[in-house]
Amino acid sequence: EVNYSLAVAKWRKKKPDASCKAQLSQVIRSNPAHFDALSLRAEVYAAEGDHTRAIADLKAAAKLAPQDLVLKLKLADELAQAPGQIDEAIQELDRIVQDWPESAMAKNNLAFYLLTFKSDRNSDALAYSLEAYKNNEANPTFQDTYAWALYKTGEVDTARDLLEAAVLIAKDVYPFY
């Protein structure tokens with residue numbers, strides 16, 4: 001646990017280095033079921049752009065905690081960023097939406113990736129983005145995805161109005177926007 005604590009301290013200071021990974025790896029070697037160490041090492045790998053190792057650690061952590069929605073979303077996101085893994089990312093998000101139908105974030109992310117990479121599923125994306133948006137109308141990220149779905153399904157005027165509203169909200173929520 002000392003190695004894990006040291007690695008966490010470095011990560012929180014945003015100064016992960018080779019020793020941070022080495023400490024996490026040592027914890028995982030001594031306890032392959034150390035969920036937190038696997039999750040943190042996956043974050044370190046992801047920050048370095050090492051998608052393959054990040055995905056491997058996230059999958060190992062997901063086996064230990066199959067009901068962890070946040071972890072599953074991180075896995076899907078990492079898969080989406082890895083070259084050639086978008087289909088697996090979409091499959092993962094499809095499973096997440098099935099297992100957590102109340103997750104607006106999962107629906108929004110799935111809609112985004114469908115709109116971006118699977119134009120044959122634009123109607124699915126529209127449905128998912130609408131469901132995500134319904135209970136999160138003040139969230140500019142959800143507004144943006146829903147507007148994009150509207151645009152890609154031919155509802156250009158409605159999409160424009162929604163995007164204009166999203167930009168106004170985003171300026172208040174995200175001052176750097």
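Here the structure is a predicted model, which is why all the values come from computation and not from measurement. (Residues numbered from 1 in each chain as written. Predicted model: local features only at pLDDT ≥ 70, side-chain atom pairs only at ≥ 80, totals over all residues. Heavy atoms only, no water.)

Would you mind going over the overall build of the protein chain with me for this structure?
From N to C terminus, the protein chain includes 10 helices and zero strands. The buried share among the 177 residues of the protein chain stands at 41%. When contacts within the protein chain are restricted to residue pairs at least 6 apart in sequence, those whose partners lie at least 24 apart make up 44%. Counting only carbon and sulfur atoms, one obtains 53% of the accessible surface of the protein chain, whose full area is about 9800 Å². (Helix = DSSP H or I, 4+ residues; strand = E, 2+ residues; numbered from the N terminus. Buried < 20%, exposed > 50% of the residue type's maximum accessible area, 1.4 Å probe, protein only. Contact = heavy atoms within 4.5 Å. Areas by Shrake-Rupley, 256 points an atom, 1.4 Å probe, with all protein chains shown as cover.)

What should I look at first to understand the packing of helix α5 (residues 69-81) against helix α6 (residues 86-99) in this one?
Geometrically, a packed helix pair is captured by the angle between its two axes and the distance between the axes. One way to put it is that α5 packs onto α6 with a least axis distance of 7 Å and a crossing angle of 160°. By the angle between their axes, α5 is roughly antiparallel relative to α6. Here α5 runs over α6; the crossing is left-handed. Mapping the contact onto sequence places L69, K72, L73, L75, A76, L79 and A80 in α5 and I86, E88, A89, E92, L93 and I96 in α6. Taken together, the residues of the contact of α5 with α6 sort by class into 10 nonpolar, no polar and three charged. (Axes fitted to C-alpha atoms, helices over the stretch in contact; angles between N-to-C directions. Parallel < 35°, antiparallel > 145°, perpendicular 65-115°, else oblique. Left-handed = near helix turned anticlockwise from the far one by under 90°. Nonpolar A, V, L, I, M, F, W, Y, C, P; charged D, E, K, R; others polar.)

So what exactly am I meant to see when it comes to the packing of aromatic side chains here?
The relation between two aromatic rings is expressed through the spacing of the ring centres and the mutual angle of the planes. Enumeration over the complete set of coordinates arrives at four aromatic pairs. Seen in terms of ring centroids, F112 and Y113 are 5.2 Å apart; in terms of plane orientation they differ by 75°. Their pairing is edge-to-face. Accessibility expressed as a relative area gives 34% for F112, which makes it partly exposed. You can call Y113 buried: its relative accessible area is 11%. Between Y133 and Y146, the aromatic rings sit 5.0 Å apart at their centres with planes inclined by 20°, giving stacked as the arrangement. With Y133 in helix α8 (residues 122-134) and Y146 in helix α9 (residues 140-152), this residue pair connects regions lying 13 residues apart in the sequence. The exposure classification of Y133 matches that of Y146, with both residues buried. By the ring-pair criterion, three or more aromatic residues cluster together here, those being F112, Y113, F117 and W148. (Phe/Tyr/Trp six-rings, centres within 6.5 Å; stacked < 30°, edge-to-face > 60°.)

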